[in-house]
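The residues making up each chain are set out below.
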Amino acid sequence: MEHAATDLFSALEHSAWGATIRQSVWLYPFANIGHVVALVLFAGALAVMDLRLLGAFAATRPADVVGPARTAALVAFLLMVLTGSVLFTAEASHLAANPVFQLKVALIALGLLNVLAFQTVAARSLRALPAGARLPTAARATAMVSLALWLAVAACGRSIAYF
Amino acid sequence: MTSRLLVAAALVALAAPAVAHHGWGSYDAARPITVSGPIVSSRFENPHATVTVRTPERVWTVTLAPTSRMTNRGATADMIAVGKTMSAFGYPSTAQQGEMRAERITVDGKTIEMR
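The present account deals with the structure reproduced in this document.

Rules used throughout
- Residues numbered from 1 in each chain as written.
- Chains lettered and ligands numbered in written order.
- Predicted model: local features only at pLDDT ≥ 70, side-chain atom pairs only at ≥ 80, totals over all residues.
- Heavy atoms only, no water.
- Helix = DSSP H or I, 4+ residues; strand = E, 2+ residues; numbered from the N terminus.
- Buried < 20%, exposed > 50% of the residue type's maximum accessible area, 1.4 Å probe, protein only.
- Polar contact = N/O pair within 3.5 Å; in protein donor to acceptor, adjacent residues only side chain to side chain.
- Pairing = 2+ DSSP bridges.
- Contact = heavy atoms within 4.5 Å.

What follows concerns the side chain of glutamate 103 of chain B. Residues and elements named next belong to chain B. Structurally, glutamate 103 is set in strand β5 (residues 99-107). You can call glutamate 103 buried: its relative accessible area is 8%. Separated by 2.8 Å, the side chains of glutamate 103 and arginine 115 make a polar contact.

Okay, the pairing of strand β4 (residues 85-92) of chain B next. Residue and element names in this part refer to chain B. Where strand β1 (residues 33-43) meets β4, 6 bridges bridge the pair, whose relative direction is antiparallel. When the bridges of β4 are listed, threonine 34 appears paired with phenylalanine 89. By the bridge criterion, 7 bridges tie β4 to β5 in an arrangement that is antiparallel. Each bridged residue has a counterpart across the sheet, and for serine 87 the counterpart in β5 is threonine 106. Between β4 and the antiparallel strand that follows it, β5, lie 6 residues; glycine 98 among them carries a positive phi value of about 80 degrees.

Time to look at the environment of leucine 64 of chain B. All names here are of chain B. Within the fold, leucine 64 resides in the loop between β3 (59-63) and α2 (67-72). By relative accessible area, which is 2% here, leucine 64 ends up buried. Put simply, leucine 64 and glutamate 113 are 49 residues apart on the chain and 9.6 Å apart in space, counted from C-alpha to C-alpha. Every residue in contact with leucine 64, bar those within four places of it in the chain, is listed here: His48, Ala49, Val51, Met70, Ile80, Met86, Ala102, Ile105 and Met114.

In structure tokens:
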């Protein structure tokens with residue numbers, strides 16, 4: 001199983017697409033910069049959303065802030081996946097074996113599970129909440145987990161090149 | 001709320017891996033080496049150009065700079081082509097035997113800094 005996965009990443013790296021990414025003058029730097037710019041958008045939207053769920057911006061209705069911020073975060077996340085897949089393909093076999101990259105992927109999986117948890121236990125309770133209302137514990141808890149996980153993901157991303 | 005944010009920050013600090021390393025962390029800067037010989041393979045690719053250089057002792061994999069920086073400084077793909085003779089000053093990898101990261105290279109009598 002592990003062998004098959006290693007072969008798969010090696011095949012991806014040595015594919016024509018992998019070679020194109022590495023040999024193009026602009027493709028890799030474009031994806032590299034795009035990944036960071038998307039992160040800035042993602043982290044900004046995420047912070048607005050999670051801080052609202054933790055009680056900040058209390059003069060607003062939670063749903064009015066959380067909804068648009070989530071949309072922005074989702075768009076930024078998709079941009080990160082797109083640019084990240086380009087960066088990954090260029091060095092797939094090395095990255096797949098990198099412990100910090102593995103940690104990052106695991107944390108992303110936890111982050112997405114947390115989105116699911118928010119969706120299941122907290123999202124519904126926010127809809128009718130007026131400005132200034134105390135946030136449900138479930139909403140606060142998922143927001144705190146979200147901030148911690150995604151900032152840790154960002155820290156891992158920056159650390160991959162150093163391990 | 002402030003205390004909750006502090007807890008969140010502490011969690012992040014714990015989850016973040018140690019940042020003691022720097023960009024050249026897995027290279028032994030205390031043991032600089034010079035590797036000289038013919039280039040036997042050459043990849044002018046992102047994220048880093050690499051060549052392999054044959055010395056009497058072994059074949060070294062020499063990690064160079066990103067291609068954009070190489071090009072800006074005159075180290076083109078033609079300059080580091082197979083068959084040229086390169087002298088690379090740099091640091092051996094502590095993670096991979098026979099790999100080094102070049103601080104500067106000399107080819108065709110031209111010395112080019114890699115960072």
